[in-house]
Amino acid sequence: MTDIENELLASVPNGLFIAGKWRPSESNTTLRVHDPATGEVIREIADATPEDGMAALDAAVAAAASWADTPARRRAEILRRAFDLLQERREDFALLMTIEMGKPLAEARGEVAYGGEFLRWFSEETNRVQGRYGPNPENTGRMYVTQHPVGPCFLITPWNFPLAMATRKIAPALAAGCTVVVKPAALTPLTTLLLVEVLRQAGLPDGVVNVVTTSSSSALSEPIIADPRLRKLSFTGSTPVGQNLMRQAATGVLRTSMELGGNAPFVVFGDADLDKAVDGAIAAKFRNIGQACTAANRFIVHESVVQEFTRRVTEKVESFTIGRGTEDGVTIGPLIDAGGVRKAGELVRDAVQRGATVATGGIAVERAGTFYAPTVLTDVEPGSDIMREEIFGPVLAISSFASEDEAVARANDTEYGLVSYVYTEDFARGQRMIERLHTGMMGLNVGVVSNAAAPFGGWKMSGLGREGGAEGIHEYLQTKYTLTPSPFG
């Protein structure tokens with residue numbers, strides 16, 4: 001650790017943020033946060049108990065009425081000020097994410113830009129919540145349709161994008177007039193704790209945002225979800241965990257937003273611009289070291305170009321530099337933990353046993369930390385585990401196809417439906433693929449689709465609801481219809 005890194009880590013609060021104050025956990029216990037590039041403990045922070053979780057919910061409930069009544073313009077100003085403060089500290093946030101999550105510093109800076117946009121976007125959407133008014137069809141009355149904050153929300157964020165996933169949930173909730181309890185992932189909680197300081201400095205009233213960090217997610221979450229005062233649950237993470245949370249949320253008929261797993265196809269047709277397709281493949285696969293729900297999982301390439309595509313992709317991958325994300329020139333950092341390395345290895349071994357060939361990589365890197373070599377697999381059989389399971393690692397798996405119908409069938413042959421990528425220079429084919437692929441998002445000749453102004457979310461087992469875009473704020477609003485007599489008698 002450098003002096004700058006140690007100074008930054010020491011500046012991050014290590015307590016729970018409840019009702020506008022930092023405090024230790026009820027049990028006075030702590031959880032350790034590690035640097036995945038070295039395995040070293042970088043910070044010890046409060047480990048919340050279920051009682052702490054309920055105290056956070058109490059604070060959110062107590063602040064709910066006054067925050068809902070706060071003028072939209074005032075809420076917008078706080079979010080915009082938070083955006084400005086985040087930009088002032090963008091290097092701190094980027095470095096902190098690199099230390100606790102492992103992504104290269106250049107990618108962390110990109111996440112600061114992306115995550116900050118949710119604060120700015122929803123500061124603008126705050127003032128655009130609208131209803132409608134008009135006569136009923138019989139002209140016997142007047143219909144008012146109005147939007148209202150859904151109420152206290154519980155937001156559960158993942159470890160892979162610790163800033164963007166927090167702002168993508170917190171910003172629309174605050175814009176809509178909701179108060180929140182945030183539970184960041186135990187693997188990467190420090191970024192959220194620093195974000196709270198930015199929100200506090202921006203003028204956020206006490207109790208509007210509360211943050212509880214814990215090593216026992218289920219023990220803390222269950223009583224919060226079961227409490228009838230909670231009205232909204234938003235979760236980003238794996239599909240099995242999301243399914244369990246939905247079962248819990250059903251008891252209270254909670255509004256839910258679920259951003260779950262992905263198994264994205266990356267389809268390259270024979271007429272594709274291969275330079276663009278290769279660049280898109282690298283972006284879609286290796287962003288965040290492959291640890292993204294939007295990461296391309298299954299590269300389905302037309303038989304006429306599969307060899308050339310493979311050659312070019314392999315050449316690019318072999319030029320990557322592996323190391324700690326703070327080091328100059330590093331393009332591939334560590335996976336988040338040993339479990340990620342183990343899973344990548346198991347998926348590669350299964351594919352090879354079924355006939356795939358390792359063009360490059362295919363091994364864990366023997367050094368401190370949890371690194372797996374960036375890998376390209378060719379001739380991957382459709383039934384391989386790597387074609388069915390979310391990889392969450394730097395492994396690019398290629399198979400070939402002969403016809404458009406075959407490509408569509410194989411792209412849709414998954415329980416997931418988050419995002420798809422298609423490369424073709426044929427305009428009509430591109431339009432057909434928009435219609436035929438069963439995903440909530442699609443990149444047509446682009447390898448990165450995420451944008452604060454766009455609705456992020458999937459079909460099928462990839463989740464419910466949308467985050468970002470004009471749609472994002474409506475996840476935190478509920479609709480009321482009122483009928484009044486006609487003013488004309």
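Nothing here was measured: the structure is a model prediction, and the numbers come from that model.

1. Notes on the overall build of the protein
When helices and strands are tallied, the protein shows 16 helices and 22 strands. C-alpha extents for the protein along the principal axes are approximately 70 × 65 × 40 Å. Each of the 489 residues in the protein was classed as buried or not, and the buried ones make up 57%. By sequence separation, contacts in the protein at least 24 residues apart represent 73% of the contacts at least 6 residues apart. Summing over all exposed atoms, the protein offers an accessible surface of approximately 19200 Å²; the carbon and sulfur share of this is 51%. One way to put it: in the protein the 47 positive side-chain charges average out to a point 6 Å from where the 59 negative ones average out.

2. Things to note about the pattern of salt bridges
Inspection of the entire model under this criterion finds 32 salt bridges. One salt bridge in this structure joins Glu475 and Lys232, with 3.6 Å as the shortest N-O distance. Residue Glu475 is located in the loop between α16 (469-472) and β22 (477-485), and its partner Lys232 is located in strand β10 (residues 232-236); the two are separated by 243 residues in the primary sequence. We classify Glu475 as buried; its relative accessible area is 14%. With a relative accessible area of 0%, Lys232 lands in the buried category.

3. Observations regarding the packing of aromatic side chains
Overall, the coordinates contain 10 aromatic pairs when judged by the stated rule. On the numbers, 4.9 Å between centres and 55° between planes, the contact of Phe17 with Trp22 is tilted. Under the relative-accessibility criterion, Phe17 is labelled buried at 6%. Judged by its relative accessible area of 29%, Trp22 falls in the partly exposed class. Aromatic pair Phe266 and Tyr421: ring centres 5.8 Å apart, planes at 35°, arrangement tilted. Linking Phe266 in strand β12 (residues 264-268) with Tyr421 in strand β18 (residues 419-423), this pair joins segments that are 155 residues apart in sequence. Looking at Tyr421, the relative accessible area reads 2%, which means it is buried. A cation over a ring is seen here: Arg168 above Phe456, with NZ or CZ 4.0 Å from the ring centre.

Rules of the game
- Residues numbered from 1 in each chain as written.
- Predicted model: local features only at pLDDT ≥ 70, side-chain atom pairs only at ≥ 80, totals over all residues.
- Heavy atoms only, no water.
- Helix = DSSP H or I, 4+ residues; strand = E, 2+ residues; numbered from the N terminus.
- Buried < 20%, exposed > 50% of the residue type's maximum accessible area, 1.4 Å probe, protein only.
- Contact = heavy atoms within 4.5 Å.
- Areas by Shrake-Rupley, 256 points an atom, 1.4 Å probe, with all protein chains shown as cover.
- Lys, Arg positive; Asp, Glu negative; His and termini not counted.
- Charge placed at Lys NZ, Arg CZ, Asp CG, Glu CD.
- Salt bridge = Lys/Arg side-chain N within 4 Å of Asp/Glu carboxyl O.
- Phe/Tyr/Trp six-rings, centres within 6.5 Å; stacked < 30°, edge-to-face > 60°.
- Lys NZ or Arg CZ within 6 Å of the ring centre and 35° of its normal.

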